[in-house]
Structure formats: structure tokens, C-alpha cells
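In case you want the letters, here they are:
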Amino acid sequence: MRDSGAGTHTFEQLALWIAQSVNLTGQERPDRLTGSFVTTNFFDIFTTTPWMGRLFLPGEDQPGAPHVAVLSHEAWQTRFGADPQILGRQITLNNESYSIIGVLPRGYRLPFESDVFVTAQHQTSYRRDRSTKSLLM
């Protein structure tokens, strides 16, 4: 989907967002989180800055890139006990290991409330194909 904005002169940027719940395992008890699968520029469009850590870097939404995740402030507090050492911690989402790189500011809810954000290529039905219909840009 890298070329989705290549032929347009109307928008400065386009970002991809796919909402899907994810399974958090490897904790004391399994949990279901509200997940958002996004392109790396997603937070740039909403001019979001992290409360802690960092957000996605260019290229982290490409095949073979590291598995990284950004938590909502609320999920960090309620599901991870507001652990001040959360950055770099490995969590298991949908049976894949992710490194937590950031925590969003309190109350962040764009475009909808999510517990965790990961890059788009990790969504199970994601394809780098223009004909894909289940994407929101």
C-alpha cells in the first residue's frame, strides 16, 4: 500500500488503520485487547507524541521489520500495572512476540479507543495489494 498516495495531489499524507481485537497471552491470565494495526505515519497525521518512549519509525511497517507495539495510557495502567519499566518489555499478541516501544498520552482516542497499536503488516488478512477492501485510510 506504499503507493496509495503516490498519484494524488490532494492529501499530504495517507495512513492505514485496521481495527481488530488481539489476544494477549503469556501473562498471569490471557486477555483480549482492542487492537489497531496502522502504518508508521499514523500518529504523524494526528500530530501525536508519546507520553513515554517513542512511536513507530519509518520502515517498521515493512515485511521483516521488528515486531513493535505502542500501548494506550489506559492499557498501560490497567493491564500492565503502570510499570515504569514497560519500554522494551516483550508481550505476546496473537501468538507473536512484540517489544513495547511507547505509551500514548492519557485520553488518546483517535480514531477510536484502542489498547494497543502495532504495525499493519502483522494483521492476519493484510496484503500489500490495492484490491484489498477491508482497510481504512
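Now for a look at the structure at hand. It should be emphasised that the depicted structure is a prediction, and the values quoted were computed from it without experimental measurement. (Residues numbered from 1 in each chain as written. Predicted model: local features only at pLDDT ≥ 70, side-chain atom pairs only at ≥ 80, totals over all residues. Heavy atoms only, no water.)

**As for the side chain of Glu60**
Consideration 1: One can find Glu60 in the loop between strand E3 (52-53) and strand E4 (68-71).
Consideration 2: Judged by relative accessible area, Glu60 falls into the buried class, the value being 8%.
Consideration 3: Looking at Glu60, its side chain comes within polar contact range of the side chain of Arg54, at 2.8 Å. (Helix = DSSP H or I, 4+ residues; strand = E, 2+ residues; numbered from the N terminus. Buried < 20%, exposed > 50% of the residue type's maximum accessible area, 1.4 Å probe, protein only. Polar contact = N/O pair within 3.5 Å; in protein donor to acceptor, adjacent residues only side chain to side chain.)

**Here's the deal with the packing of aromatic side chains**
Consideration 1: Tallied over the entire structure, the rule returns 8 aromatic pairs.
Consideration 2: Here the aromatic rings of Phe42 and Phe117 are separated by 6.0 Å at their centres, their planes lie at 35°, and the arrangement is tilted. Linking Phe42 in helix H1 (residues 42-45) with Phe117 in strand E7 (residues 116-119), this pair joins segments that are 75 residues apart in sequence.
Consideration 3: For Phe117, a relative accessible area of 1% corresponds to the buried category. (Phe/Tyr/Trp six-rings, centres within 6.5 Å; stacked < 30°, edge-to-face > 60°.)

**Some points on the nonpolar core**
Nonpolar side chains in soluble globular proteins generally cluster together in the buried interior.
Consideration 1: By size, the foremost hydrophobic cluster in this structure holds 18 residues, and its most contacted members are Leu71, Ile86, Ile91, Leu93, Val116 and Val118.
Consideration 2: Elements with a contribution of two residues or more to this core: strand E1 (17-25), strand E2 (31-38), E4, strand E5 (90-93), strand E6 (96-103) and E7.
Consideration 3: The residues contacting Val118, other than those within four sequence positions of it, are Ser36, Phe37, Val38, Phe56, Val68, Ala69, Leu93 and Tyr98.
Consideration 4: Of all hydrophobic cores here, the second largest spans 12 residues; its members include Phe42, Phe43, Val70 and Leu104. (Core = buried A, V, L, I, M, F, W, Y, C linked by side-chain atoms within 4.5 Å. Contact = heavy atoms within 4.5 Å.)

**Concerning the environment of Ile91**
Consideration 1: Relative to the elements of secondary structure, Ile91 occurs in strand E5.
Consideration 2: Ile91 gets classed as buried once you look at its relative accessible area, which sits at 2%.
Consideration 3: Expressed as a C-alpha distance, the spacing of Ile91 and Ala69, which sit 22 residues apart in the sequence, is 8.8 Å.
Consideration 4: Filtering out sequence-adjacent residues up to four positions away, Ile91 remains in contact with Leu24, Gln27, Phe80, Glu96, Ser97, Tyr98 and Ile100.

What is shown is where atoms sit, not what they do.
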